[in-house]
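Fold and geometry: a report
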Amino acid sequence: MPHPIPLDRTRIFRWSAPILALPLTACDWVVMNPSGDIAVQQRDLILISTALMLLIVVPVMALVVFFAWRYRAANKAADKDYDPDWDHSTKLELLIWSAPLLIIICLGALTWVSTHKLDPYRPLDRIDARTAIDPRVKPLTVEVVALDWKWLFIYPELGIATVNELALPVNVPVRFDITASTVMNSFYVPELAGQIYAMPGMKTQLHAVANRPVAGTGISANYSGAGFTHMRFAYRALDRAGFDAWAAGVKASRAHLDRDVYLTLAKPSEKAPVAYFSAVDPQLFDAVVNLCPRPGQRCMGELMHVNMMGGAGKESARDTKGLRYDFPDSHVIEQSDRNRGQETAPDAPAADGAKGAAQAPGDHSSHSGADAHAQHR
């Protein structure tokens, strides 16, 4: 006969339960409560897939308990079911194999459909489950550059740019063009859409839409060096009036984002403050993608065109000017900075538009900009 659990042990279990559950209080359920249609469809995909798998898991766990109880040693009534010569049951075989096979078929069909429907390169065809997108509507384009260790957002149609702040109008389709300055990173706004990699020398895309006003946080979802922990940015979905007011505030800034400012901004720094730029070099993003933001560098597009045309001849073997894209003469770090042991580069102008705003001591990495860059590579 089983012995009852002592009272003192029961009390320990009861008192420790809240402590054991305490870590769950820090969980952020933003993935399960998104504010964008793409993220909503991805959440539904998670829930449907989990439910399909539980159709097998739950009955199996229940049968484990049932068989353990039904055929326990103390249950003498089960002895009459003992059949030492039993070796096959067609009904049982059909049940065991048909149910998992049907679930695998369902999961396969769901995966195939969702892989095409939620392709990040595929333009949106709806605002939400009840509203289709007018094919004449042009998506808002946002160019995203993953820097060390901050995010740069360029709005080419508006002629503005921000650092570490992303604002979008509600119910307007958005196309993100994404790249990186030095190493691979990952752009992720959990309540808007899934993560998309940002890679130097390449441009990836993501189509998404925000369905309600919300304030959240975007993150870097791929480790990229010493400042990765603080590589976060503010995300805001605003109604049309709010977005227009936000854009007007950015345009009121006196800071301009040209090549020289970008090269300063691209140097490694941590905890960069939000910064606004009222004007942007229209060719800057293409130059970043082609690894030629620094004057004198030859763009990847130019070199690929030369290769496509059959090469530049034997004399090009010694023509290496503008072909160095890493240490030294990097498009981000200069050799002179490394020689001087220059500390982490100053951040971009602050959000109020003041140029050269200083960052509080301790907000920067203790490594030099060049050393931090070399270390995280």
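I will try to describe carefully the structure that is included in this document. All of these numbers come straight from a predicted model, not from anything done at the bench. (Residues numbered from 1 in each chain as written. Predicted model: local features only at pLDDT ≥ 70, side-chain atom pairs only at ≥ 80, totals over all residues. Heavy atoms only, no water.)

**Remarks on the sheet that holds strand S12 (residues 232-238)**
Taken in spatial order, the five strands of this open sheet run S6-S12-S11-S8-S9, and their pairing is mixed. Whereas interior strands pair on both sides, the edge strands pair on one side only; in this sheet they are strand S6 (165-169) and strand S9 (196-198). Looking at each pair of strands side by side, their axes are set apart by 25 degrees on average, direction ignored. Along the sheet face, helix H4 (residues 240-251) touches S6 and S12 and points at about 140 degrees away from the line of S6. (Pairing = 2+ DSSP bridges. Helix = DSSP H or I, 4+ residues; strand = E, 2+ residues; numbered from the N terminus. Axes fitted to C-alpha atoms, helices over the stretch in contact; angles between N-to-C directions. Contact = heavy atoms within 4.5 Å.)

**Looking at unusual backbone geometry**
With omega at -5 degrees, the peptide bond leading from aspartate 148 into tryptophan 149 counts as cis. With respect to the helices and strands, tryptophan 149 occurs in the loop between strand S3 (140-147) and strand S4 (150-155). Backbone geometry places asparagine 171, a non-glycine residue, at a positive phi of 60 degrees. Here asparagine 171 shows up in the loop between S6 and strand S7 (174-180). Despite not being glycine, lysine 271 shows a phi value in the positive range, around 55 degrees. Note on lysine 271: relative accessible area 37%, which makes it partly exposed. (Buried < 20%, exposed > 50% of the residue type's maximum accessible area, 1.4 Å probe, protein only.)

**Observations concerning the state of the cysteines**
If you walk through the whole model with that rule in mind, you get one disulfide. Across a sulfur-sulfur distance of 1.9 Å, cysteine 292 and cysteine 299 are joined as a disulfide pair. Residues cysteine 292 and cysteine 299 are joined through a disulfide that is right-handed, its torsion about the S-S bond being 85 degrees. Judged by relative accessible area, cysteine 292 falls into the buried class, the value being 5%. (Disulfide = S-S within 2.5 Å.)

**Concerning the nonpolar core**
Of all hydrophobic cores here, the largest spans 44 residues; its most connected members are Val142, Leu166, Phe176, Phe187 and Trp246. Listed by contribution, the elements that provide at least two residues to this core are S3, S4, S6, S7, S9, strand S10 (204-208), S12 and H4. Those residues within four positions of phenylalanine 176 in sequence are excluded, and the remaining contacts are Val142, Val144, Leu166, Leu168, Phe187, Leu192, Thr204, Gln205, Leu206 and Ala208. Core analysis: the second largest hydrophobic core is formed by 19 residues, Val145, Tyr262, Leu265 and Ala266 among them. (Core = buried A, V, L, I, M, F, W, Y, C linked by side-chain atoms within 4.5 Å.)

**Overview of the pattern of salt bridges**
This model, assessed by the stated rule, comprises eight salt bridges. Here aspartate 44 ties to arginine 43 by a salt bridge, and the two come within 3.1 Å at their closest N and O atoms. A relative accessible area of 22% places arginine 43 in the partly exposed class. Of the charged contacts in the structure, one is a salt bridge between arginine 236 and glutamate 165, with a shortest N-O distance of 3.9 Å. Remark: glutamate 165 occurs in strand S6 and arginine 236 occurs in strand S12; sequence separation between them is 71 residues. Take arginine 236: its relative accessible area is 30%, and that puts it in the partly exposed class. (Salt bridge = Lys/Arg side-chain N within 4 Å of Asp/Glu carboxyl O.)

**Re the pairing of S4**
Most of S4 is tucked away: six of the six residues are buried. Judged by which residues are buried, S4 turns out to be covered on both faces: Lys150, Leu152 and Ile154 on one side and Trp151, Phe153 and Tyr155 on the other are all buried. Here S3 pairs with S4 via five bridges, running antiparallel. Among the inter-strand pairings, alanine 146 is bridged to a residue of S4, identified as tryptophan 151. Hairpin connection from S3 to S4: two residues lie between these consecutive antiparallel strands.

**Here's the deal with the side chain of serine 220**
Note on placement: serine 220 falls in strand S11 (residues 214-220). Of the residues examined, serine 220 reaches a relative accessible area of 6% and is grouped as buried. In terms of polar contacts, serine 220 uses its side chain to reach the side chain of asparagine 185, at 2.3 Å. A polar atom in the side chain of serine 220 sits 3.3 Å from the backbone oxygen of asparagine 222. Residue contacts for serine 220: discarding those within four places in its chain leaves Trp151, Asn185, Ser186, Phe228 and Met231. (Polar contact = N/O pair within 3.5 Å; in protein donor to acceptor, adjacent residues only side chain to side chain.)

**Side note on the environment of glutamine 41**
Topologically, glutamine 41 is positioned in helix H2 (residues 37-70). Residue glutamine 41 is classed as buried on the basis of its relative accessible area of 12%. For the pair formed by glutamine 41 and serine 114, sequence separation is 73 residues and the distance between their alpha carbons is 8.8 Å. Discounting chain neighbours no more than four positions away, the residues touching glutamine 41 are Lys117, Leu118 and Arg126.

**Details of a nonpolar patch on the surface**
On the surface, a nonpolar cluster with roughly 510 Å² of combined accessible area is contributed by Leu54, Val57, Val58, Val60, Met61 and Val64. Relative to the helices and strands, valine 60 resides in helix H2. Taking relative accessible area as the criterion, valine 60 reaches 43% and is therefore assigned partly exposed. (Patch = residues over 30% accessible without salt bridge, like charges linked within 9 Å, V, L, I, M, F, W, Y side chains within 5 Å. Areas by Shrake-Rupley, 256 points an atom, 1.4 Å probe, with all protein chains shown as cover.)

**Notes on the pairing of S12**
The pairing of S6 with S12 spans five bridges and is classified as parallel. Paired with alanine 167 across the strands is arginine 236, a residue of S12. Bridge analysis of S11 against S12 gives six bridges, and the strand direction is antiparallel. Bridging across to S12, isoleucine 219 finds its partner in arginine 232.

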